[in-house]
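Chain and residue survey
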Amino acid sequence: MRKAMAGAEVGDDVFLEDPTVNRLQERAAEIFGREAALFVPSGTMGNLTCLLAHTHPGQEVICEEKSHIYNLEMASMSAVGGVLPRPICAEDGIMGWEQIARAIRPKIYSRAQTGLLCLENTHNMAGGSVYPTKLAHGICAAAHDAGLRVHLDGSRIFNAATYLGEGVAEMTKKFDSVQFCLSKGLGAPVGSMIVGSRSFAERCRSIRKMLGGGMRQAGVLAAAGLIALEKGPGRLSVDHENATVLADGLSRVPGIRVNPAKVQTNIVIYDVRQAGFSSSDFLAELARRGVRGVPVDREKVRMVTHLDVDRHDVEQAVETIREMVKSSS
Ligand SMILES: Cc1ncc(COP(=O)(O)O)c(C=O)c1O
């Protein structure tokens, strides 16, 4: 990947003249069966760009309560977009149409109107859970009937595709826009893609420029993105197997609460309270022993398997946690 970056053919992408960025965008559009794609620096900017393209200030955006767009994107939809999130709490982060329908504002002139529905697949803070494609299609169809557009935060859509054994084009075809990350599991150092219609991508290009995301010789990044896109998805099943090994191992550590049956992709969330730790104390002590995770809340910890972590690392992490919990009790 580093060699491809060093050797990348470049031009000025603000003038649409970077051949490597253009190739990446064409390839992403092709893989998703869409007219166009746009390279953006991050998932956060990709989501915000789509949100700004779909909504206008004063509208509401329906999203899941644990969603990244609601919790972990600096309240950008409100701060920058002037829209109000309308969160819905759903088990495992997977919303159903009945819940969504109840959150749509009635068309009364004196009420804020619902401008967009946003789904997340896989759902990060719900532990990498996956939307069944039939459910996602049904939600999109019903939303369209209700006059609503639907954006997919598909940062880890290839993990969902791996779990389901389906193709991303079929899974995402009913969404009005999709953002997916080349970074994270696919392994690029930087970058996300927006996919959708040609006119939507063109609108997003202007918004990306407004947000400061117009890049010049970005081909060095796109070269890494192309490798991530072509080679990354094929190895995600290894991360999923490792996540299952991690969850199985943790479920046998006294005081750690985790349900391995809930682990579908590469994210494991577990509760450390009964082991006598808060999540922050647990993670601080664990970091001293060379294993890293992030807190979900005061009691829960999140770990992710990825291409820099192999089976041996996972087994070692479980042993380190076992010893740490034992020595503290
Ligand atoms: C579901 C989801 N959406 C969006 C993002 C944002 O991506 P980025 O870190 O590239 O801004 C993340 C990052 O973890 C994520 O998990």
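Residues numbered from 1 in each chain as written. Predicted model: local features only at pLDDT ≥ 70, side-chain atom pairs only at ≥ 80, totals over all residues. Heavy atoms only, no water.

Quick look at the overall build of the protein
Our working definition: Only DSSP runs of H or I reaching four residues or more are called helices, and only runs of E reaching two or more are called strands; each is numbered from the N terminus. When we talk radius of gyration, it's over C-alpha atoms, and the globule rule is simply 2.2 Å times the number of residues to the 0.38. Partly exposed describes any residue whose relative accessible area lies between the buried limit of under 20% and the exposed limit of over 50%, with all areas from a 1.4 Å probe on protein chains only and scaled to the type maximum. Throughout, a residue-residue contact means that at least one pair of heavy atoms, one from each residue, lies within 4.5 Å.
When helices and strands are tallied, the protein shows 14 helices and ten strands. A compact globule built from 329 residues would reach a C-alpha radius of gyration of about 20 Å, and the protein, at 20 Å, matches this within 12%. The buried share of the protein, taken over its 329 residues, is 51%. The contacts of the protein with a sequence gap of at least 6 include a subset with a gap of at least 24, amounting to 72%.

Brief notes about the domain arrangement of the protein
Selection criterion: Just so you know, the domain bounds were taken from an automatic or database domain assignment. Accessible area that two parts lose when put together, evaluated with a 1.4 Å probe and summed over both, is termed the buried area. Salt bridge criterion: a side-chain nitrogen from Lys or Arg within 4 Å of a carboxyl oxygen from Asp or Glu. Contacts described as polar in this section are N or O atom pairs within 3.5 Å, which, within protein, must combine one atom able to donate a hydrogen with one able to accept it, while residues neighboring in sequence count only if both atoms come from side chains. Residues are grouped as follows: nonpolar covers Ala, Val, Leu, Ile, Met, Phe, Trp, Tyr, Cys and Pro; charged covers Asp, Glu, Lys and Arg; every other residue, Gly included, is treated as polar.
Annotation of the protein at the domain level lists domain 1 (2–231) and domain 2 (235–328). For domain 1 versus domain 2, the distance between C-alpha centres works out to 28 Å. With 19 residues of domain 1 at the interface, the matching set in domain 2 holds 13 residues. Carbon and sulfur atoms supply 54% of the area buried between domain 1 and domain 2, which totals about 1,400 Å² over both sides. At the junction of domain 1 with domain 2, the criterion picks out two salt bridges. The salt bridge involving Lys262 is made with Glu91; its shortest N-O contact spans 3.9 Å. Seen at the junction of domain 1 and domain 2, the total is six residue pairs in polar contact (both at pLDDT 80 or more). If you tally residues by element for the side of domain 1 that touches domain 2, the top one is helix α8 (residues 157–164), at four residues. The residue makeup of the side of domain 1 that touches domain 2, split by class, is six nonpolar, nine polar and four charged.

A short note on the nonpolar core
Which entries qualify depends on this criterion: Only buried residues count toward a nonpolar core, which is a set of Ala, Val, Leu, Ile, Met, Phe, Trp, Tyr and Cys residues joined through side-chain atoms within 4.5 Å.
Within the largest apolar cluster, 47 residues are counted, with the highest numbers of intra-cluster contacts made by Phe39, Leu117, Leu119, Ile157, Phe158, Phe180 and Leu182. Beyond its immediate stretch of four places on either side in the chain, Leu117 contacts Ile62, Met95, Ile100, Ile139, Ala143, Leu148, Arg149, Val150 and His151. Among the nonpolar cores identified, the runner-up in size contains 25 residues, and Phe282, Leu286, Val301 and Met303 belong to it.

Here we look at the site of the ligand
Here is the rule we go by: We define proximity as follows: a residue is near a molecule or strand when any one of its heavy atoms falls within 4 Å of that partner. Under the convention used here, a 1.4 Å probe and the Shrake-Rupley method define accessible areas, while residue burial counts only the protein chains that appear.
Around the ligand, the surrounding shell consists of Ser42, Gly43, Thr44, Asn47, His68, Glu73, Glu120, Asn124, Asp153, Ser155, Arg156 and Lys184. Here a nitrogen atom of the ligand and a side-chain polar atom of Asp153 are 2.6 Å apart. Taking Arg156, its side chain carries an N or O atom lying 2.7 Å from an oxygen atom of the ligand. Burial of the ligand by the protein amounts to 82% of the accessible area it has alone, namely 390 Å². Examining the composition of the shell around the ligand, we find that three residues originate from one element, helix α3 (residues 43–54), more than from any other. In terms of residue class, the shell around the ligand is made up of no nonpolar, seven polar and five charged.

Quick word on the sheet that holds strand β8 (residues 267–271)
Convention followed: Strand pairing requires that DSSP identify at least two bridges connecting the strands.
Pairing within the open sheet is antiparallel, and its three strands lie in the order β8-β10-β9. A single partner strand is all that each edge strand has here, and the edge strands are β8 and β9 (294–295). Sheet analysis places β9 next to strand β10 (residues 300–304), joined by two bridges and oriented antiparallel. The residue of β10 that forms the bridge with Pro295 is Val301.

A short note on the pattern of salt bridges
Inspection of the entire model under this criterion finds 18 salt bridges. A salt bridge links Arg311 to Glu241; the nearest nitrogen and oxygen atoms lie 3.7 Å apart. Pair noted here: Arg311 is in helix α14 (residues 311–328) and Glu241 is in helix α12 (residues 236–251), with a separation of 70 residues, a long-range link. On the basis of relative accessible area, Arg311 is assigned to the partly exposed category, the value being 35%. Take Glu241: its relative accessible area is 44%, and that puts it in the partly exposed class. One salt bridge connects Arg289 with Glu285, and the closest N-O pair in it is separated by 2.9 Å. With a relative accessible area of 35%, Arg289 lands in the partly exposed category.

As for the sheet that holds strand β4 (residues 114–120)
Applied cut-off: For every element, the axis is a line fit to its C-alpha atoms; helices are fit only across the contacting stretch, and the angle between N-to-C directions ranges from 0 to 180 degrees.
Pairing is mixed across the open sheet formed by seven strands, whose spatial order is β1-β7-β6-β5-β4-β2-β3. In this open sheet, the two edge strands, each paired with only one partner strand, are β1 (36–40) and β3 (84–88). With strand direction ignored, the average angle separating the axes of adjacent strands in the sheet is 20°. Note that strand β2 (residues 60–64) and β3 share five bridges and pair parallel. Across the sheet, the residue bridging to Glu64 is Ile88, located in β3. This element, helix α2 (residues 19–31), spans β1, β6 (177–181) and β7 (192–196) of the sheet and lies at about 130° to β1.

As for the packing of aromatic side chains
Note the cut-off: Only the six-membered ring of Trp is used, alongside the rings of Phe and Tyr, when aromatic pairs are assigned; centres must lie within 6.5 Å, and planes under 30 degrees apart are stacked while those over 60 apart are edge-to-face, with the rest tilted. Lysine NZ or arginine CZ positioned within 6 Å of the ring centre and within 35 degrees of the ring normal marks a charge as sitting over the ring.
Scanning the model with the defined rule gives five aromatic pairs in all. Seen in terms of ring centroids, Tyr270 and Phe282 are 5.9 Å apart; in terms of plane orientation they differ by 75°. Their pairing is edge-to-face. You can see Tyr270 sitting in strand β8 and its partner Phe282 sitting in helix α13 (residues 279–288), a full twelve residues away along the chain. Here Phe277 and Phe282 contribute two aromatic rings whose centre-to-centre distance is 5.5 Å and whose plane-to-plane angle is 85°, an arrangement assigned as edge-to-face. In terms of burial, Phe277 and Phe282 fall into one category: buried. Members of the aromatic cluster, connected to one another through ring pairs, are Phe32, Phe158 and Phe180. Between the NZ or CZ atom of Arg216 and the centre of the ring of Phe15, over which it lies, the distance is 5.8 Å.

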